[in-house]
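# A closer look at the structure
This is what each chain is made of:
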Amino acid sequence: MDPRHDFPPPRTVQELFSLEGRVALVTGGAGMYGSGISSALAEAGALVYIASRNLANCEQKAAELRARGHKAVAAELDLTLEDSIARLAERIAAECGKLDVLFNNAVARSVGGDFSTVTAQQWAETLQVNSVALLTATRTFASLMLPHRKGSIVNIASIYGMVGPQFEIYGNTGMKNPAEYAFAKGGMIALTRYLASYWGPYGIRVNCISPGGYYNNQPQEFVDNYCSRTPLGRMAGPEDIKGLAVFLASDASAYITGANIPLDGGWTCR
């Protein structure tokens, strides 16, 4: 039979979404989006490596998941250090022999603020994690997928990699929308498409999620302004990313690669 049409036996929806036997890595895995992603992958059956520079937070999240009967371990990862990335890849290879799922979720908080005042040094510091480290980490962890000719990489970008900010929603809150963040997230979306084409022949899928505003006790003025401009009338909550994360990690999305999916309550639809 033509291998291009050598489809697996029919599976149930539950089987397609299952991550049993899969090994997943979530960078920034105990943070705002990372916590929900880590929970979702573990609940779907994966062994999840929860990684960041804050090992204590990762250990707390992993312990929480294990207490609920899931498989999770903490890992220290400093994305600004190539040695740290290499050490974690070596650990996963030694302990599991493979990596099935990578979520590039960790992000450096932008420090520039206003475009007219951001310095070249501030810009470079932000992009060290949001751009340079993305290259190094993705290439290193993908090396654990290539021998098996299968894997799913999911990049966490932002609606601000897709559309320009509506600065008026910040009002008098003092909140900012840094230009270097938009630059990095737009680049991540473009890199997603590039890598989907580059690694497609090796069975590795690369997709992107672009979240909108996530409720995190922001000033009420901002929350009201944001919600009034969003078709669903609210900001994202802790569970909103979970279903999409499992979908893109699992065989339920086996024929999807190079996609950027807004998770924004409709913000970018108008």
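Refer to the structure presented above.
Here's a quick rundown of the structure. Remember, it's a predicted structure, so these values are computed and weren't measured experimentally.

On to the sheet that holds strand β1 (residues 23-27). Taken together, the seven strands give an open sheet; going across it, the order is β3-β2-β1-β4-β5-β6-β7, and neighbouring strands pair in parallel fashion. Pairing within the sheet leaves two strands with one partner each, and these edge strands are β3 (71-76) and β7 (260-263). Put simply, the sheet's adjacent strands are angled 20 degrees from each other on average, direction ignored. Helix α3 (residues 55-67) rests against β2 (47-52) and β3 of the sheet, and its axis sits at about 175 degrees to β3.

Attention now goes to the layout of surface pockets. Its volume calculated, the second largest pocket comes out at about 660 Å³. Along the walls of the second largest pocket sit 22 residues, with Pro 8, Lys 150, Gly 203, Ala 254 and Tyr 255 positioned nearest its centre.

It is at 9 Å that the axes of helix α2 (residues 32-43) and helix α8 (residues 242-249) come closest, and there the two elements cross at 55 degrees. In this view, α2 runs oblique relative to α8, as classed from their interaxial angle. With respect to the hand of their crossing, α2 and α8 are arranged in right-handed fashion. Seen from α2, the contacting residues are Gly 36, Ile 37, Ser 39, Ala 40, Leu 41 and Glu 43; seen from α8, they are Lys 242, Ala 245, Val 246 and Ala 249. Partitioned by chemical class, the residues of the contact of α2 with α8 number six nonpolar, two polar and two charged.

Let us now look at the pattern of salt bridges. A full pass over the atoms with the stated rule returns 11 salt bridges. The salt bridge partner of Glu 64 is Arg 68, with a shortest N-O separation of 3.8 Å. Between Asp 100 and Lys 98 there is a salt bridge, with its nearest N and O atoms 3.1 Å apart. Salt bridges here are not isolated pairs; linked through shared partners, they connect Glu 43, Lys 61, Glu 64, Arg 68 and Lys 242.

We now examine the nonpolar core. Nonpolar side chains tend toward joint burial in soluble globular proteins. Judged by nonpolar contacts, the single largest core of 31 residues is most densely connected at Ile 37, Leu 41, Phe 103 and Ile 209. Among the secondary structure elements, those contributing two or more residues to this core are β1, α2, β2, α3, β3, β4 (101-104), β5 (151-156) and α8. In this view, Phe 103 contacts Leu 25, Val 26, Thr 27, Ile 37, Leu 41, Val 154, Ile 156, Ala 245 and Ala 249; residues no more than four positions away in its chain are not counted. The next biggest cluster of nonpolar side chains, apart from the first, holds 25 residues, and it includes Leu 25, Ala 89, Ala 133 and Val 206.

Another point: unusual backbone geometry. Phi angles above zero are rare outside glycine, and Arg 149 is one such case at about 55 degrees. For Arg 149, the position within the fold is in the loop between α5 (120-142) and β5. Of note, Asn 217 is a non-glycine position whose phi angle comes to about 60 degrees, a positive value. Inspection of the secondary structure assignment puts Asn 217 in the loop between β6 (204-211) and α7 (220-228). Looking at Asn 217, the relative accessible area reads 62%, which means it is exposed.

So, how was this worked out
- Residues numbered from 1 in each chain as written.
- Predicted model: local features only at pLDDT ≥ 70, side-chain atom pairs only at ≥ 80, totals over all residues.
- Heavy atoms only, no water.
- Pairing = 2+ DSSP bridges.
- Helix = DSSP H or I, 4+ residues; strand = E, 2+ residues; numbered from the N terminus.
- Axes fitted to C-alpha atoms, helices over the stretch in contact; angles between N-to-C directions.
- Contact = heavy atoms within 4.5 Å.
- 1 Å grid on protein atoms, 1.4 Å probe; cavity = no way out; pocket = protein on both sides within 12 Å on 5 of 7 lines; lining within 4 Å.
- Points joined across faces, edges and corners; volume = space filled by probe spheres on them.
- Parallel < 35°, antiparallel > 145°, perpendicular 65-115°, else oblique.
- Left-handed = near helix turned anticlockwise from the far one by under 90°.
- Nonpolar A, V, L, I, M, F, W, Y, C, P; charged D, E, K, R; others polar.
- Salt bridge = Lys/Arg side-chain N within 4 Å of Asp/Glu carboxyl O.
- Core = buried A, V, L, I, M, F, W, Y, C linked by side-chain atoms within 4.5 Å.
- Buried < 20%, exposed > 50% of the residue type's maximum accessible area, 1.4 Å probe, protein only.

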